[in-house]
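Structural characterization, general
Below, each chain spelled out in residue letters.
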Amino acid sequence: MLKDITLGQFFPGDSIVHKLDPRTKLILVIVYIIALFQAKGWISYALVVLVTVLCLALSHIRFKTIFKGLKPMLFIIVLTAALNIFYTAGTPVLPGWIITWEGIDRAAKMILRIVLLITGTFLLTYTTSPMALTDGLELLLDPLKKVKLPVHEMTMMMSMALRFIPTLIEETDKIMSAQKARGADFENGSLIQRAKALLPILVPLFVSAFRRADELAVAMESRCYHGGEGRTRMKQLKMAGRDAIALVLGLLFLAGMILCKRLGL
Amino acid sequence: MAEIIVENLSHVYSAGTPFEKAAIQGIDLTIPQGQFVGLLGHTGSGKSTFIQHLNALLTPSSGRVLVDGEDINQDKKTRYRVKQKVGLVFQYPEYQLFEETVFADIAFGPKNMGLSAEEIEERVREAAGFVGVDESLFQASPLELSGGQKRRIAIAGVIAMRPGVLILDEPTAGLDPRGCRQIMDNICRYQKETGATVIVVSHNMDDAARLAERIIVFDHGGIAMDGTPEEVFSRPRELIDIGLAVPQSTAIAMALREKGIDLKGAVYTHEQLLDAILRAKGVDAC
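Thresholds, definitions, all that
Residues numbered from 1 in each chain as written. Chains lettered and ligands numbered in written order. Predicted model: local features only at pLDDT ≥ 70, side-chain atom pairs only at ≥ 80, totals over all residues. Heavy atoms only, no water. Axes fitted to C-alpha atoms, helices over the stretch in contact; angles between N-to-C directions. Helix = DSSP H or I, 4+ residues; strand = E, 2+ residues; numbered from the N terminus. Parallel < 35°, antiparallel > 145°, perpendicular 65-115°, else oblique. Contact = heavy atoms within 4.5 Å. Nonpolar A, V, L, I, M, F, W, Y, C, P; charged D, E, K, R; others polar. Phe/Tyr/Trp six-rings, centres within 6.5 Å; stacked < 30°, edge-to-face > 60°. Buried < 20%, exposed > 50% of the residue type's maximum accessible area, 1.4 Å probe, protein only. Lys NZ or Arg CZ within 6 Å of the ring centre and 35° of its normal. Pairing = 2+ DSSP bridges. Salt bridge = Lys/Arg side-chain N within 4 Å of Asp/Glu carboxyl O. Buried area = accessible area lost by both parts, 1.4 Å probe. Polar contact = N/O pair within 3.5 Å; in protein donor to acceptor, adjacent residues only side chain to side chain. Expected span 1.5 Å × (residues − 1). Domains from an automatic or database assignment. 1 Å grid on protein atoms, 1.4 Å probe; cavity = no way out; pocket = protein on both sides within 12 Å on 5 of 7 lines; lining within 4 Å. Points joined across faces, edges and corners; volume = space filled by probe spheres on them.

What follows covers the packing of helix α4 (residues 117–131) of chain B against helix α6 (residues 177–194) of chain B. All names here are of chain B. Running from amino to carboxyl end, α4 crosses α6 at an angle of 125°, the nearest separation of the two axes being 8 Å. By the angle between their axes, α4 is oblique relative to α6. Along the contact surface, α4 presents Gly129, Phe130 and Val131, while α6 presents Asn186, Arg189, Tyr190, Glu193 and Thr194. Across the contact of α4 with α6, the residue classes break down as 3 nonpolar, 3 polar and 2 charged.

Quick look at the structure:
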């Protein structure tokens, strides 16, 4: 079923990571990504792995969930690894072979980097509800309102898009069943035939998406929505002591990584 | 034409995950050809899951469904073929219209069956006739029509496949009283003229009482009651306990009986109510 797709899904919980302010988590993810790209040698990679595993443990997310999320990326990971293995110059593993020790080393680091990158962002989306995420983003980008960037509108659109993904998936499921009941065939035939077979799904889906958008706009207007100016929140975001600690730890981690790079570790 | 036999049918959603949920359990049922069946049950009672098994849209977790003595889940071919024998109209079917013209949309089903152009045209005209859609609308866009008309075109799209069994999930939801009556009358006419089996899922007890020969009540994924309208509506208390309503006439009869007026027999249509009241007052029914 289509419903089984996980796309940065939020897992409710009450771990320390869940409780952090979304703004802190957003900043930390950026810090984490910068730090990750400082890694050159195996010691620095080991440090990133250690920090990642520690964060995962703190957030009570099981490794199984992360692996499940990584599955769709498998193709990209394997492809990058293969390219690196075969196209890196150096000493061959066996005389005459195209595979080099340098290639294996580089491929392994590349896989690690992609996996860590994805895991880091999963850590954010698994522990932060989409609403909190967009709220945090809006507040972080608040200074940009000074240069007339419609930050509120952008984040509002983002949260609405996120809100409607499950609804539209359910709708697609329903339309597919109905067209199947009329003998539509989505699985057989040539590529062109299958592309054509999507039409009976896409047209009703678009029609209903527009209808929903219309209804939503009316519902918002009838509740006097008029943009972000002077708007207050039901859930006020407040930084706490743990946020300060987390940010300091994050910066220390980044400093450590830069140091590792300087030392060539 | 088709007889439906359901043997020990169960369906579990998301089996093997924390969200596992048995939607229907151990259903045994035989629906002979040509019967008009009303399917009742509150939201989440499993009736929608059940009807999607009858044309192999859902595969049973255990148990079998036989149409014309053939297990419909044998292989891909039988699963595909049964969709032509058992026509299923979903809730709010008008949201599934997609073609540019009314004609093309009704023709979608027959076209998928691989029929010739003449045969398709004949079937579209026939189906439009059954649901009372005028041929002058054939070239209009289905998206521009009124809600009731869209609904009828969507139903015609299934009827055009000439299914031996026609299943409709709340075909009158969201329509005005006249639209409801017209659609129910159209469905009745299809059943009478073609001898097809018709299964209607409904929350409208009055429709169920008026039209169905047999009423099946679903509750908690199983069959709670199964019988003629007379049998089912003579147990109004149970229906109310399940969370369903009774036909208006039955409700009035219950109220009158509580006041001490002795009405005889089962009452579930307006005529029966009138009859019973007249008889209780000592006047012979006309």
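This is not the end of the story, as more comes after the structure.
Our next topic: the packing of aromatic side chains. Across all of its chains, the model carries 8 aromatic pairs over all chains by this definition. Look at Phe98 of chain B and Phe108 of chain B: their rings are 4.9 Å apart centre to centre, the planes differ by 85°, and that puts the pair in the edge-to-face class. Remark: Phe108 of chain B occurs in helix α3 (residues 102–112) and Phe98 of chain B occurs in the loop between β6 (86–89) and α3; sequence separation between them is 10 residues. Relative accessible area serves as the criterion here: at 8%, Phe98 of chain B is assigned to the buried category. Here Phe108 of chain B falls in the buried class, since its relative accessible area comes to 10%. Summarising the aromatic geometry, the rings of Phe233 of chain B and Tyr268 of chain B are spaced 6.0 Å apart at their centres and angled 35° between planes, so their arrangement reads as tilted. Of the two residues, Phe233 of chain B sits in helix α8 (residues 229–233) while Tyr268 of chain B sits in the loop between α10 (248–258) and α11 (270–280), which places them 35 residues apart along the sequence. Between the NZ or CZ atom of Arg163 of chain A and the centre of the ring of Phe164 of chain A, over which it lies, the distance is 4.8 Å. Over the face of the ring belonging to Tyr95 of chain B we find Arg211 of chain A, whose NZ or CZ atom lies 4.1 Å from the ring centre.

Residue and element names in this part refer to chain B. As paired elements, strand β9 (residues 214–219) and strand β10 (residues 222–227) share 5 bridges and run antiparallel to each other. The residue bridging Ile216 from the neighbouring strand is Asp226, located in β10. Between β9 and β10, which follow one another and run antiparallel, lie 2 residues, and His220 among them has a positive phi close to 50°.

Once that is clear, we can look at the pattern of salt bridges. Evaluation of the coordinates by the stated rule reveals 23 salt bridges over all chains. For Arg211 of chain A, the salt bridge goes to Glu215 of chain A, with nearest N and O atoms at 3.8 Å. Within this pair, Arg211 of chain A and its partner Glu215 of chain A are both found in helix α10 (residues 199–221), separated by 4 residues, close to a single helical turn. Residue Glu215 of chain A is classed as partly exposed on the basis of its relative accessible area of 46%. One salt bridge in this structure joins Arg235 of chain B and Glu238 of chain B, with 3.0 Å as the shortest N-O distance. By relative accessible area, which is 33% here, Arg235 of chain B ends up partly exposed.

Glancing now at the interface of chain B and chain A. The interface is formed by 20 residues belonging to chain B together with 18 residues belonging to chain A. Roughly 1700 Å² of surface becomes buried between chain B and chain A when both sides are summed, with 64% attributable to carbon and sulfur atoms. Linking chain B with chain A are 1 salt bridge. Salt-bridge contacts for Asp105 of chain B lead to Arg182 of chain A; the nearest nitrogen and oxygen are separated by 3.1 Å. Counting across the chain B and chain A interface gives 4 residue pairs in polar contact (both at pLDDT 80 or more). Counting residues per element, the ones that place at least two in the side of chain B that touches chain A are α2 (76–85), α3 and α5 (147–159) of chain B. Examining the composition of the side of chain B that touches chain A, we find that 4 residues originate from one element, α3 of chain B, more than from any other. Grouping the amino acids of the side of chain B that touches chain A by side-chain chemistry returns 11 nonpolar, 6 polar and 3 charged.

Looking now at the sheet that holds strand β2 (residues 21–31) of chain B. All names here are of chain B. Spatially, β2-β1-β4-β5 is the arrangement adopted by the 4 strands of the open sheet, whose pairing is antiparallel. Of all the strands in the sheet, the pair left with one neighbour each is β2 and β5 (70–71). Sheet topology note: the strand β4 (residues 62–67)/β5 ladder contains 2 bridges and is antiparallel. Residue pairing in the sheet places Val67 in a bridge with Glu70 of β5.

Moving on to α10 of chain A. Relative to the 33 Å expected for 23 residues at 1.5 Å per residue, α10 of chain A spans 33 Å between its end C-alpha atoms, a close match to the ideal helical length. Buried residues in α10 of chain A make contact with α8 (151–181) and α9 (191–197) of chain A together with α3 of chain B.

Each domain of chain A was delimited in the assignment, giving domain 1 (2–128 + 238–263) and domain 2 (151–221). In this structure, domain 1 of chain A and domain 2 of chain A have C-alpha centres spaced 33 Å apart.

Residues and elements named next belong to chain B. Within the secondary structure layout, Val246 lies in the loop between α9 (236–242) and α10. Owing to a relative accessible area of 13%, Val246 belongs among the buried residues under this scheme. Residues Val246 and Ala209, spaced 37 residues apart in sequence, show a C-alpha to C-alpha distance of 9.1 Å.

Moving on, we get to the sheet that holds strand β7 (residues 165–169) of chain B. Residues and elements named next belong to chain B. As summarised here, the arrangement of the 6 strands in space is β6-β7-β8-β3-β9-β10, forming an open sheet in which the pairing is mixed. Each edge of the open sheet is held by one strand with a lone partner, namely β6 and β10. In this sheet, neighbouring strand axes are inclined to one another by 15° on average, regardless of whether the strands run parallel or antiparallel.

Quick look at the layout of surface pockets now. Residue and element names in this part refer to chain A. Within this model, the second largest pocket holds a volume of roughly 1100 Å³. Forming the boundary of the second largest pocket are 41 residues, of which Met131, Ala132, Thr134, Asp135 and Arg233 lie nearest the centre. Counting only elements with at least two residues in the lining of the second largest pocket, the list comes to α1 (16–19), α2 (22–36), α7 (130–140), α8, α10 and α11 (241–263). The element contributing the most residues to the lining of the second largest pocket is α8, with 7 residues. Considered class by class, the residues forming the lining of the second largest pocket number 15 nonpolar, 12 polar and 14 charged.

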